[in-house]
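Structural overview for review
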Amino acid sequence: MQAKRTVFPNKGLPYLLLVPQLAVTLIFFIWPALQAVKSSFEREDPFGFKTTFVWFENYRRLFIDPLYLSTVSKTAIFAVSVTALSMSLSLILAVAVNRVLRTNRLYTTLLVWPYAVAPVVVGILWWFMFNPTIGIAPYMLRAVGISWNHRVDGVDAMVLIIIAASWKQISYNFLFFVAGLQSVPQSLIEAAAIDGAGPFKRFWTIVFPLLAPTTFFLLIVNINYAMFDTFGIIDATTQGGPAQATNTLVYKVYTDGFIGLNIGSSSAQSVVLMIIVIALTAIQFRYVERRIQY
Amino acid sequence: MASIDITGVKKIYAGGVTAIHNLDLAIPDGELVVLVGPSGCGKSTLLRMIAGLEAISEGTIAIDGTVVNAKEPAERDIAMVFQNYALYPHMTVRGNLEYGLKNRGTPRDEIDRRVNEAARILEIAPFLDRRPRQLSGGQRQRVAMGRAIVRQPKAFLFDEPLSNLDAKLRGQMRIEIKRLQRNLATTSVYVTHDQLEAMTLADRLVVMNAGRIEQVGAPLALYERPATLFVAGFIGSPPMNLIEIDYLRDKGALTLPEGTDLVGIRPDTIQLTQPEGPHLVMHATVELYEPIGGESHLHMRLEGSGQLIVAAVPARTAVTEGAKAVLYVSMSDLHPFNKETGRRTD
């Protein structure tokens, strides 16, 4: 697709029109990012009187810190689980809604609601439901012999934030999957039915491969979401605890920088995250367009 | 190889709209039947009911003597060629051809044999490893046909398979489909709205209108003796001229059956020289002379009534626009109809 080029009579005008957006980007994104890169090479003394340039000392310490390395693996578990859970559930929901002909608009609207809920509210919502003292979920789990307490059990805490984060992302994935499913031509499904493929076989051999571009896009978006966009949910539920069990990379940047006031290490962690985001975005840009099979 | 028997079939959609009214049609083994009619006449719905893609509201459809109403499309052993080809875009041509055979658990060497055989017949062997998007419209059409023939089904169903091709390719593919169907002798149902396609392909032509069969018969039989006004108007290009009987009363000694109030005259039966035997004589003004190549069409206004009629005359007939013409029609070339019933009266 080649967009039509607009020719401005005045050479300065297009730049003038770009200024507001560029200003916002520069002041709120580029400048803080550069600040983070700068302070990741520095060490601040405890009282804020002196800043020393320490080269890669912050990074070196980071990668030999067992706590940081365990956070990396916690984040990986969290991101993979959230991505897998939210994508599979939303695909199931999308397939189900796509089969309903008359009321699918209603279902679609209802299923999109969670996306409009603020992350902190999502966190609090699930925190209440899984609250070991007053929550409904631990009460029901007790009935089947499971003792739930995410305040002391690290696995319970991880499960809680995975559920909360996935729940919120299902809506988003669902919308993309529904759109993807609706763009699969009906005649292909009919041709496959005549070709002797049952519903499951049709789904796995025809529909799912045709959804590949959507699935790949969502995969990247979901990993991004789980890794970088779940601060609110974690802060409202477990705050990284118990005993660092749910401390993800992003949450650790916050606790080390704003609670622990270790600006140097926190900045170094931010830069590491920045590199991960850049890599994921590059993958997305490079492959998303190309993978389309039509 | 199978016959298809459609008995008392109705299609009533959820909204209460009846798409097909009580339709009966028997298709013997090996025949190519073309369902033709304007859009919305129910021809595609009927085809999809045979395929099992639409539920049958009432009546039965039997393939090879077995009622298939409750059977899934896969169990009916039919193959269908879709209007948009419906090739699987993520599979190679070979993958497309193999898919139906693999699903049925055909042994590997048998699959290869059949795919190569189909590729040879349809001349698509060089493209077997390409994907559909790398093929031209005509090649995709061949692959779609290939996917049908590798299965060696009891029947082929064609749903306007040529309507996405340009006119030249359409003519070629039409001939190929006919040749292929003759060679394989597989019972086929072919849906089209193109009457030229319908006439040339059909062993038997089924003209449908508003969910009902208007007439069934050999293409030329329908052309020569349309049973209803609808068929008279639908089959034949340019369409049959329909003239009020009152206009013709003083144009010759009419001997038409009781109840006739409209008379059909095929454009190619209007002559400019006086024929032998009993005939009509009409006077008209030539408004437009349309050379087609092999023949020419004269668009004329009848003197008296002012009705526009068309005559198909030999290519180099000497007529000028604006000139008066004397038209002759043999009495045996008249098609008498009743407007009320819409049916032929003789």
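The residue count restarts for each chain, going from 1 along the sequence in the order it is written. Chain letters start at A and ligand numbers start at 1, both assigned in the order the entries are written. Local features in this predicted model are restricted to residues of pLDDT 70 or higher, and side-chain atom pairs are both shown and tallied only at a pLDDT of 80 or more, whereas totals for entire chains, interfaces and linings draw on every residue. Side-chain numbers here rest on the full set of heavy atoms in the structure, without hydrogens or water.

Describing the overall build of chain A
Check the secondary structure of chain A and you find 13 helices and two strands. In this description, accessible areas are obtained by the Shrake-Rupley approach with a 1.4 Å probe, and a residue is regarded as covered only by the protein chains that are shown. Surface accessibility of chain A: about 17200 Å² in total, with carbon and sulfur atoms responsible for 70%. Of the side-chain charges in chain A, 21 are positive and 13 negative, and the distance between the mean point of each set is 10 Å. Elements are defined by DSSP. Helices are runs of H or I of four residues or more, strands are runs of E of two residues or more, and each kind is numbered from the N terminus. Working convention for charge: Lys and Arg count positive, Asp and Glu count negative, and His plus the chain ends are omitted. In plain terms, the charge of a residue is placed at NZ if it is Lys, CZ if Arg, CG if Asp and CD if Glu.

Considering the sheet that holds strand β8 (residues 187–192) of chain B
Residues and elements named next belong to chain B. Judged by pairing direction, the sheet is mixed, and its six strands sit side by side in the order β6-β7-β8-β3-β9-β10 without closing on themselves. Of all strands in the sheet, those bounded by a partner on one side alone are β6 (78–81) and β10 (212–217). Direction aside, the axes of adjacent strands within the sheet are offset by 20° on average. Paired strands, as defined in this entry, are two strands with at least two bridges between them according to DSSP. As defined by bridge partners, β6 adjoins strand β7 (residues 155–159) across four bridges and the pair is classed as parallel. Residue pairing in the sheet places I78 in a bridge with A155 of β7. Axis definition: a line fitted to C-alpha atoms, over the contacting stretch in the case of helices. Angles run 0 to 180 degrees between N-to-C directions.

Let's talk about helix α10 (residues 212–228) of chain A
Take the number of residues in a helix, subtract one, and multiply by 1.5 Å to get its expected span. With 17 residues, α10(A) should reach 24 Å at 1.5 Å per residue; the first-to-last C-alpha distance of 24 Å fits that figure. Partly exposed residues are those whose accessible area sits between 20% and 50% of the maximum for their type, while under 20% is buried and over 50% is exposed, using a 1.4 Å probe and protein chains only. Taking burial as the measure, the 17 residues of α10(A) include 15 buried ones, the bulk of the element.

Examining the interface of chain A and chain B
Contact with chain A, which involves 18 residues of that partner, is made by 24 residues of chain B. Salt bridges are defined as contacts in which a side-chain nitrogen from Lys or Arg sits within 4 Å of a carboxyl oxygen from Asp or Glu. Counting every contact that joins chain A to chain B gives two salt bridges. Taking the shortest distance from any N to any O, the salt bridge between B:R151 and A:D195 comes out at 3.3 Å. Pairs of N or O atoms are called polar contacts if they sit within 3.5 Å, as long as, within protein, a hydrogen donor faces a hydrogen acceptor (for residues adjacent in sequence, only side-chain-to-side-chain pairs). The interface formed by chain A and chain B holds 14 residue pairs in polar contact (both at pLDDT 80 or more) in total. Mapped onto the side of chain A that touches chain B, the elements with two or more residues apiece are α8 (186–194) and α9 (199–210) of chain A. Of the residues forming the side of chain A that touches chain B, the biggest block, seven residues, is contributed by α8(A). Here the side of chain A that touches chain B is composed, by residue class, of 10 nonpolar, four polar and four charged. Contacts are assigned to residue pairs that have any heavy atoms within 4.5 Å of one another. Side-chain classes follow a simple rule in which Ala, Val, Leu, Ile, Met, Phe, Trp, Tyr, Cys and Pro form the nonpolar group, Asp, Glu, Lys and Arg form the charged group, and the remainder, Gly included, forms the polar group.

Comments concerning the layout of surface pockets
Residue and element names in this part refer to chain A. Think of a 1 Å grid over just the protein atoms. A cavity is a set of points where a 1.4 Å probe fits yet cannot get out, a pocket is an open set with protein on both sides within 12 Å along at least five of seven lines, and lining residues have an atom within 4 Å of a point. Grid points are joined across faces, edges and corners, and a volume is the space filled by probe spheres set on the points. Roughly 1100 Å³ of volume is contained in the largest pocket. Around the largest pocket sit 26 residues that line it, and N98, R99, Q186, I189 and R202 are the ones nearest its centre. At the level of secondary structure, the elements contributing two or more residues to the lining of the largest pocket comprise α3 (66–99), α7 (154–182), α8 and α9. Considering every element that reaches the lining of the largest pocket, the biggest residue donor is α9, with six residues. Broken down by class, the residue content of the lining of the largest pocket amounts to 16 nonpolar, five polar and five charged. One number sums up the size of the second largest pocket: a volume of about 350 Å³. As for the second largest pocket, its lining consists of 19 residues, of which N58, N262, I263, G264 and S265 are closest to the centre. Taken together, the elements giving at least two residues each to the lining of the second largest pocket come down to β1 (42–44), α2 (57–64), α12 (249–259) and α13 (263–288).

Overview of the sheet that holds strand β14 (residues 295–302) of chain B
Residue and element names in this part refer to chain B. Here we have four strands laid out as an open sheet, ordered β15-β14-β13-β16, and antiparallel in their pairing. Two strands close off the open sheet at either side, each with one partner strand: β15 (308–314) and β16 (324–330). Neighbouring strand axes in the sheet, compared pairwise and without regard to direction, differ in orientation by 50° on average.

Comments concerning the confidence of the model for chain B
Per-residue confidence from the predictor is reported as pLDDT, which spans 0 to 100. In this model, chain B carries an average pLDDT of 90, and 100% of its residues clear a pLDDT of 70 or more. Across the interfaces of the predicted complex, the ipTM metric reaches 0.83, alongside a pTM of 0.80.

A closer look at empty space enclosed by the protein
One water molecule sets the probe size; rolling that probe over the atoms shows where empty space is left. Applying the stated criterion across every chain yields a total of two cavities of 30 Å³ or more. Space inside the largest cavity adds up to approximately 60 Å³. Lining the largest cavity are A:A191, A:I194, A:D195, B:A79, B:M80, B:F82, B:R147, B:A148 and B:R151. Sorting the residues of the lining of the largest cavity by element identifies α8 of chain A together with β6 and α4 (137–150) of chain B as the ones contributing at least two each. Among the residues forming the lining of the largest cavity, the class breakdown is six nonpolar, no polar and three charged.

Digging into the packing of aromatic side chains
Stacked, edge-to-face and tilted labels apply to pairs of Phe, Tyr and Trp rings (six-membered ring for Trp) whose centres lie within 6.5 Å, assigned for plane angles under 30 degrees, over 60, and everything in between, in that order. The full count for this structure, using the stated rule, is 25 aromatic pairs over all chains. Taken together, a centroid distance of 5.9 Å and an interplanar angle of 50° make the contact between A:F56 and A:Y59 tilted. Overall, the relative accessible area of 12% leaves A:Y59 in the buried class. Aromatic pair A:F63 and A:Y68: ring centres 5.9 Å apart, planes at 90°, arrangement edge-to-face. Of the residues examined, A:F63 reaches a relative accessible area of 44% and is grouped as partly exposed. The cationic tip of B:R147 hangs over the ring face of B:Y88; the distance from NZ or CZ to the ring centre is 4.7 Å. Geometrically, a lysine NZ or arginine CZ counts as sitting over a ring once it is within 6 Å of the ring centre and also within 35 degrees of the ring normal. Over the face of the ring belonging to B:F337 we find B:R344, whose NZ or CZ atom lies 5.9 Å from the ring centre.

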